[in-house]
Amino acid sequence: NAGVTQTPKFQVLKTGQSMTLQCAQDMNHNSMYWYRQDPGMGLRLIYYSASEGTTDKGEVPNGYNVSRLNKREFSLRLESAAPSQTSVYFCASSEGGGGLYNEQFFGPGTRLTVL
Amino acid sequence: AQSVTQLGSHVSVSEGALVLLRCNYSSSVPPYLFWYVQYPNQGLQLLLKYTSAATLVKGINGFEAEFKKSETSFHLTKPSAHMSDAAEYFCAVSASNQAGTALIFGKGTTLSVSS
């Protein structure tokens, strides 16, 4: 049982390049999330998917797109990377179903640098 | 709208001393509150959660937190710090809208433990 996995672990991009961050979970969770973590800012929600086939914007969605490919996988795409998107990106999942008490399980993160 | 505020971005204690990390919340509905821990270069791990069953919540690694509605607080404590407790700690509140449920995180508190 791997939990939440993310690829790649590290990535360096040049401004304007595109890339997709991959996330998969094997816990049969309904909900999945993408966060970014910046020093002194905590974690900020980029996008989330309450269930397969649905996605919704979080606090900081500009410059990103997401795809909920199936119940297991939730990808985050940067179409034209900017230095302001240098960050650590975390994917998370939870049982969902509207449960406010459901904990989220986090992946190990992707460290992205945009030059 | 729900939010959390963590007081003190950095807390330093000696090994064996009391650990107290402060979190205040703002919520228009009964809150569901969480504490997560992040060790260096890792993802977040749940320490404990408050779901209204009991005001004193015990978590992993000897941590506990007390929900105080009158003070809108959910402070994290541990009687005796250990070197392995050095990490970043995040308080979070669960928030929901029509699209689903997500966590709103505080900005984090870094705990340093000296020998």
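Before any of the text, the structure's been laid out above.
Residues numbered from 1 in each chain as written. Chains lettered and ligands numbered in written order. Predicted model: local features only at pLDDT ≥ 70, side-chain atom pairs only at ≥ 80, totals over all residues. Heavy atoms only, no water.

(A) Region of interest: the sheet that holds strand 7 (residues 64–68) of chain A. Residue and element names in this part refer to chain A. Ordered in space as 1-3-8-7, the 4 strands form an open sheet in which the pairing is antiparallel. In the strand order of this sheet, the two ends are held by strand 1 (4–7) and strand 7, each with one partner. Ignoring strand direction, the axes of neighbouring strands in this sheet form an average angle of 20°. With 5 bridges connecting them, strand 7 and strand 8 (residues 74–78) associate as antiparallel partners. (Pairing = 2+ DSSP bridges. Helix = DSSP H or I, 4+ residues; strand = E, 2+ residues; numbered from the N terminus. Axes fitted to C-alpha atoms, helices over the stretch in contact; angles between N-to-C directions.)

(B) A look at the sheet that holds strand 1 (residues 3–7) of chain B. Residue and element names in this part refer to chain B. Spatial strand order, 1-3-8-7-6: 5 strands in an open sheet with antiparallel pairing. The sheet terminates laterally at strand 1 and strand 6 (56–58), the two strands that pair on one side only. Strand after strand, the sheet turns through a mean of 20° between neighbouring axes, direction not considered. Taken together, the 5 bridges between strand 1 and strand 3 (residues 19–26) define a ladder with antiparallel strand orientation. Bridged to Gln 6 within strand 3 is Cys 23.

(C) Representation of the interface of chain A and chain B in the model. In this complex, chain A contributes 23 residues to the contact, which on the side of chain B involves 25 residues. Here chain A and chain B share an interface that buries about 1900 Å² over both sides, 57% of which is from carbon and sulfur atoms. Joining chain A to chain B, the criterion identifies 0 salt bridges. On inspection of chain A and its partner chain B, the count reaches 3 residue pairs in polar contact (both at pLDDT 80 or more). In terms of residues, the side of chain A that touches chain B owes the most to one element, strand 5 (residues 42–49) of chain A, which gives 4 residues. Among the residues making up the side of chain A that touches chain B, the classes are represented as 12 nonpolar, 8 polar and 3 charged. (Contact = heavy atoms within 4.5 Å. Buried area = accessible area lost by both parts, 1.4 Å probe. Salt bridge = Lys/Arg side-chain N within 4 Å of Asp/Glu carboxyl O. Polar contact = N/O pair within 3.5 Å; in protein donor to acceptor, adjacent residues only side chain to side chain. Nonpolar A, V, L, I, M, F, W, Y, C, P; charged D, E, K, R; others polar.)

(D) Expanded view of the state of the cysteines. As enumerated under the stated definition, the model contains 2 disulfides over all chains in all. Across the disulfide from A:Cys23 sits A:Cys91; the S-S distance is 1.9 Å. With the S-S dihedral at roughly -75°, the linkage between A:Cys23 and A:Cys91 falls on the left-handed side. Of the two residues, A:Cys23 sits in strand 3 (residues 19–25) while A:Cys91 sits in strand 9 (residues 87–94), which places them 68 residues apart along the sequence. Of the two residues examined, A:Cys23 and A:Cys91, each falls in the buried class. Here B:Cys23 is linked by a disulfide to B:Cys91, with a sulfur-sulfur distance of 2.0 Å. Measuring handedness by torsion sign, the sulfur bridge of B:Cys23 and B:Cys91 sits at about -65° and is left-handed. Taken together, the residues span a long stretch of sequence, with B:Cys23 in strand 3 and B:Cys91 in strand 9 (residues 87–97) at a distance of 68 residues. Residues B:Cys23 and B:Cys91 agree in their burial class; the two are buried. (Disulfide = S-S within 2.5 Å. Buried < 20%, exposed > 50% of the residue type's maximum accessible area, 1.4 Å probe, protein only.)

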